[in-house]
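# Chains, contacts and geometry: an overview
These are the residues of each chain, in order.
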Amino acid sequence: MTTATYTIDAMNVTPAASPVRTPKIGRAVKAEWTKLRTLTSTWRTVVIATVLSVALGAILCLSQVQQWTSMTAQQHRTFDPTSCSLFGVVFVGAMMLAALGVRSVTAEYSTGMIRSTFTATPTRRRVLAAKAGVTAAFVFPVALLADVVSFEVGQRVFTGKHLQASLSHPGVLQAVVFGAVAVSLTAVLAVGLGGLIRHTAGATTALVLLIVGGVTLGQLLPAGLRQYVPGTAFQAAVTVNHSPGLLKPGTAVAVLAIYAAITLAAASIRIAHRDA
Amino acid sequence: MIEAKHLTKRYGKTVAVDEVSFTVKPGQVTGFLGPNGAGKSTTMRMILGLDAPTSGEVRVDGKAYHQLGDPLRSVGALLDAKAIVGGRSAANHLMWLADSNGIARRRVSEVLDIVGLGDVAGKKVGTFSLGMNQRLGIAGALLGDPETLMFDEPINGLDPEGILWIRNFMKALAAEGRTVFLSSHLMSEMAQTADHLIVIGRGRIIADAGTDEFINRHTAASVRVRAVEQNVLAEALTRRGALIDHGPDGAMAVTGMDSAAIGGVAHTHAVTLIELAPLGSSLEDAYFDLTQHETDYAAAQLVGATQGA
C-alpha cells in the first residue's frame, strides 16, 4: 500500500461517469461473466472436470469390453457405445461444472458479497438470471469438448471388439450435443439450488442427490415415474439405443429444462422476498 | 440527499429501527452515531434496498433505491469491507462492479490510485489486511462517482494513519458538495469528522443536530464545590436553577452555573467556600449519558465497562 497522502484532486479524472451503453440485463450478464472468469478456481474446475470425464468414460468402456463375453444376449442388444463413453461426463463432469453455478450464488452469500451485488443490481431476479445464463453458456462448450473427447476415446476402446459407434450414425451426434445441453441445464438448476439453500455444502449435496443419488433413489419410485428422476433423464438424453424405461432424448432434455426453470423461478421468488 | 420517513424495521417482536425520520444533506459529513446494536447498520441496509422496511420509507435523491438507474452512479456504499470473495484481485473485484453499472473500466485504476491501492491492484483480495480491504471498499464506493456516499464503521480496525486518511477523505468528499453519511460508535471520532450528528439508540433517533451545537448542549461543564455551610449553599443554588450532584467525598458537582455565579451566591449567603473548581465534562461522557438509557444493557449491569453492548 502506498502512503496516505492522496488528495481529493484525483477524484474526477474521468468526468462524471462516462456511460457505456448496454441494456440492463446485459450489464448484469457482463458483471457475472467477469466474476466467473476472474476466479482461478473456475479454470481449475474446467480442467479437472474435463480430464476426469474422459478418464472415467474410458475406464467404463474398457471394463465393458473386458466383460463383453460374459454378458447376456439381452445386454448385448441394449448395449449403447455412445452413452457408455459419455458416462464420465454424465456422472462426474456434469456435477463439477454445475457446481460452478452453485458457488456463483453461495460464495457470495457466505462472504456477504451478495450485498454488494444486490446494491449494484437491485433487481434480484436479474442477478439470478444472469448467473444462470452465464454459467450455462460457459459450461456448454466445456461439456461439449468433454463429450466429444470422451466419445472418441471410448470408440477407440470399442474398435477392438467392433462395437464402436460413429458420429455419423443416426442419433449419435444428437446424443453428444444433448449431453452438453443437459450439463448447461444442470448448471441452471444448480444456480437455483444455490439461491434456495444459500450454503455451498447444502446446495452441492442437493445437486448430487438429484443427479447421481436420484438414479438409485429412483428405484423406490413406481416404474412410470422413475424415468422422470433428473439423473435418469440426464442419462436418457445421451442414449442412442432407445430402451424401455428411459425417456426419448428430446423429452428428457425438455424434462431437465422444466426442472431447471422451476428451481430457478423458486429461487428468484425466495431471494426477492428476503432481506439480504 | 437521503431522506428517511418513519422508517421502521421489526424482526419478530424485536424493534431494530423504530419510526426513524431524518435527512442527510449534501455538502457536509453527517455522522450516524450510536452504540453497537442501536440500528445503524439496519438503517443503512434499508437505505440501500437490501432490507425491506416493516413500515415507513427512505429515499435517495427523491427515489427509492431500486428506482435509481445504475445505482452505483448515485450512491456509493461500504457496509462491510470483509464481505468480499477473496479469490479475485482488487482490480478484478472492481471490474465486475464497474461492469454491473456500465462504468468505464479505466475508472477502476483511477479509484485504486485514489485510495492508494494502485500498487497492489493485481493482488488477491484474500491476502489483504483489514485496512487495505477498507480502502478497496471505499474505492468501490467511489467507482460510479456518486453524489451520495455511505460508510458503515469505516475506521474500525484501522491504524492511526488510516483513520486520519479516512477522516480527511470524508471531509474532502463533502467539500466537493457530496452527501457523506458515516456511521460510528465512537463519539470522539465523530466529533472530529462530522459536521452534523444523528444519534441513534435502541432504534430511535435521540439527537439530530450540528456537531458544535450537540457538543455545546451536551457538555455543560460542571463546577466542583465544597463549602463549610454546604447545605445552605446547595439550597441557594438549587433555587437559582442549578443542578446539584452530591459526591461521595462531600463535594458537590454543580451544573447550570459557572464558578463566578456560584462564588457570588456564596458571598450573598455568607457561605465560606473551601473549594471551587470548574470541571470539563467530556463529550464521550455526554454521549454515554445520552445513550445509556437507550442501550440494551445499561452500564450498571456491566460494572467496569465503559461501553454498553
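Bear in mind the structure is a predicted one, so any value in this text is a computation, not a measurement.

Cut-offs applied
Residues numbered from 1 in each chain as written. Chains lettered and ligands numbered in written order. Predicted model: local features only at pLDDT ≥ 70, side-chain atom pairs only at ≥ 80, totals over all residues. Heavy atoms only, no water. 1 Å grid on protein atoms, 1.4 Å probe; cavity = no way out; pocket = protein on both sides within 12 Å on 5 of 7 lines; lining within 4 Å. Points joined across faces, edges and corners; volume = space filled by probe spheres on them. Helix = DSSP H or I, 4+ residues; strand = E, 2+ residues; numbered from the N terminus. Nonpolar A, V, L, I, M, F, W, Y, C, P; charged D, E, K, R; others polar. pLDDT = per-residue confidence, 0-100. Contact = heavy atoms within 4.5 Å. Buried area = accessible area lost by both parts, 1.4 Å probe. Salt bridge = Lys/Arg side-chain N within 4 Å of Asp/Glu carboxyl O. Polar contact = N/O pair within 3.5 Å; in protein donor to acceptor, adjacent residues only side chain to side chain. Axes fitted to C-alpha atoms, helices over the stretch in contact; angles between N-to-C directions. Parallel < 35°, antiparallel > 145°, perpendicular 65-115°, else oblique. Left-handed = near helix turned anticlockwise from the far one by under 90°. Phe/Tyr/Trp six-rings, centres within 6.5 Å; stacked < 30°, edge-to-face > 60°. Buried < 20%, exposed > 50% of the residue type's maximum accessible area, 1.4 Å probe, protein only. Pairing = 2+ DSSP bridges.

## A few points about empty space enclosed by the protein
With the rule as written, the count across this model stands at six cavities of 30 Å³ or more. Here the largest cavity is characterised by a volume of approximately 360 Å³. Forming the walls of the largest cavity are 25 residues, and the residues nearest its centre are A:S116, B:A77, B:L78, B:L79 and B:G137. Of all elements in the fold, only α6 (114–120) of chain A together with β5 (75–78), α2 (90–100) and α4 (130–142) of chain B reach the threshold of two or more residues within the lining of the largest cavity. It is α4(B) that contributes the most residues to the lining of the largest cavity, five residues altogether. Of the residues in the lining of the largest cavity, the class split is 14 nonpolar, nine polar and two charged.

## Here we look at the confidence of the model for chain B
Detailed reading of the predicted coordinates is not advisable wherever pLDDT falls low. Residue and element names in this part refer to chain B. Of all residues in chain B, 93% attain a pLDDT of 70 or more, and the chain-wide mean is 89. For chain B, per-element mean pLDDT is lowest for helix α10 (residues 283–292), which scores 72, and highest for α2, which scores 98. This model gives residues 296–309 a pLDDT under 50, and the stretch forms 19 contacts once residues within four places in sequence are excluded. Interface confidence for the predicted complex, expressed as ipTM, amounts to 0.88; the pTM equals 0.84.

## Brief notes about the interface of chain B and chain A
On the chain A side, the residues contacting the 57 residues of chain B number 43 residues. Roughly 4,100 Å² of surface becomes buried between chain B and chain A when both sides are summed, with 58% attributable to carbon and sulfur atoms. When residues of chain B are sorted by the area they lose upon contact with chain A, B:L50, B:R88 and B:W96 head the list and together hold 16% of the total. The salt bridge involving A:R27 is made with B:D70; its shortest N-O contact spans 2.2 Å. For the interface between chain B and chain A, the tally reads 12 residue pairs in polar contact (both at pLDDT 80 or more). Sort the elements by how many residues they give to the side of chain B that touches chain A and α2(B) lands first, with seven residues. A per-class count over the side of chain B that touches chain A returns 25 nonpolar, 12 polar and 20 charged.

## Describing the layout of surface pockets
Approximately 670 Å³ is the volume attributed to the largest pocket. If you trace the largest pocket, you find 25 residues lining it, with A:S83, A:Q235, A:T239, A:S243 and A:L246 closest to the centre. For the lining of the largest pocket, the secondary structure elements donating two or more residues are α2 (40–67), α3 (73–78), α4 (81–85), α5 (87–111) and α11 (230–237) of chain A. When grouped by side-chain class, the residues that make up the lining of the largest pocket number 11 nonpolar, 12 polar and two charged. If you add up the space inside the second largest pocket, you get close to 450 Å³. Along the walls of the second largest pocket sit 23 residues, with B:G49, B:D51, B:A52, B:Y65 and B:H66 positioned nearest its centre. Secondary-structure elements contributing two or more residues to the lining of the second largest pocket are α1 (40–47) and β4 (55–60) of chain B.

## Comments concerning the packing of α5(A) against helix α8 (residues 172–197) of chain A
Residues and elements named next belong to chain A. In contact at an axis separation of 7 Å, α5 and α8 are set at 40 degrees when each is read in the N-to-C sense. Classed by the angle they form, the pair α5 and α8 counts as oblique. Crossing angle aside, the handedness with which α5 passes α8 is right-handed. Taking contact as the criterion, the partners of V89, A94, L97, A98, G101, V102, S104, V105 and T106 in α5 are, on α8, V183, T186, A187, A190, V191, G194 and G195.

## Regarding the packing of aromatic side chains
Summed over all chains, the structure comprises nine aromatic pairs over all chains. Ring centres of A:F87 and A:F91 lie 5.1 Å apart, and the angle between their planes is 35 degrees; this geometry places the pair in the tilted category. Here A:F87 pairs with A:F91, and both are found in helix α5, just four residues apart, close to one helical turn. Plain terms: the ring middles of B:F22 and B:F181 are 5.7 Å apart, the flat faces sit at 35 degrees to each other, and that makes the pair tilted. Remark: B:F181 occurs in strand β7 (residues 179–184) and B:F22 occurs in strand β2 (residues 14–24); sequence separation between them is 159 residues. On the basis of relative accessibility, which here comes to 4%, the residue B:F22 falls in the buried class.

## So, the sheet that holds strand β11 (residues 243–246) of chain B
Residues and elements named next belong to chain B. Spatially, the four strands line up as an open sheet ordered β11-β12-β10-β13, and their pairing is antiparallel. Both edges of this open sheet fall to β11 and β13 (273–279), since each of them pairs with a single strand only. For this sheet, the mean angle separating the axes of adjacent strands, direction not counted, is 25 degrees. Bridging between strand β10 (residues 222–227) and β13 involves six bridges; their strand directions are antiparallel. For S222, the partnering residue across the bridge sits in β13 and is L279. Sitting on the sheet, helix α9 (residues 259–268) is in contact with β10, β12 (252–255) and β13, with an inclination near 160 degrees to β13.

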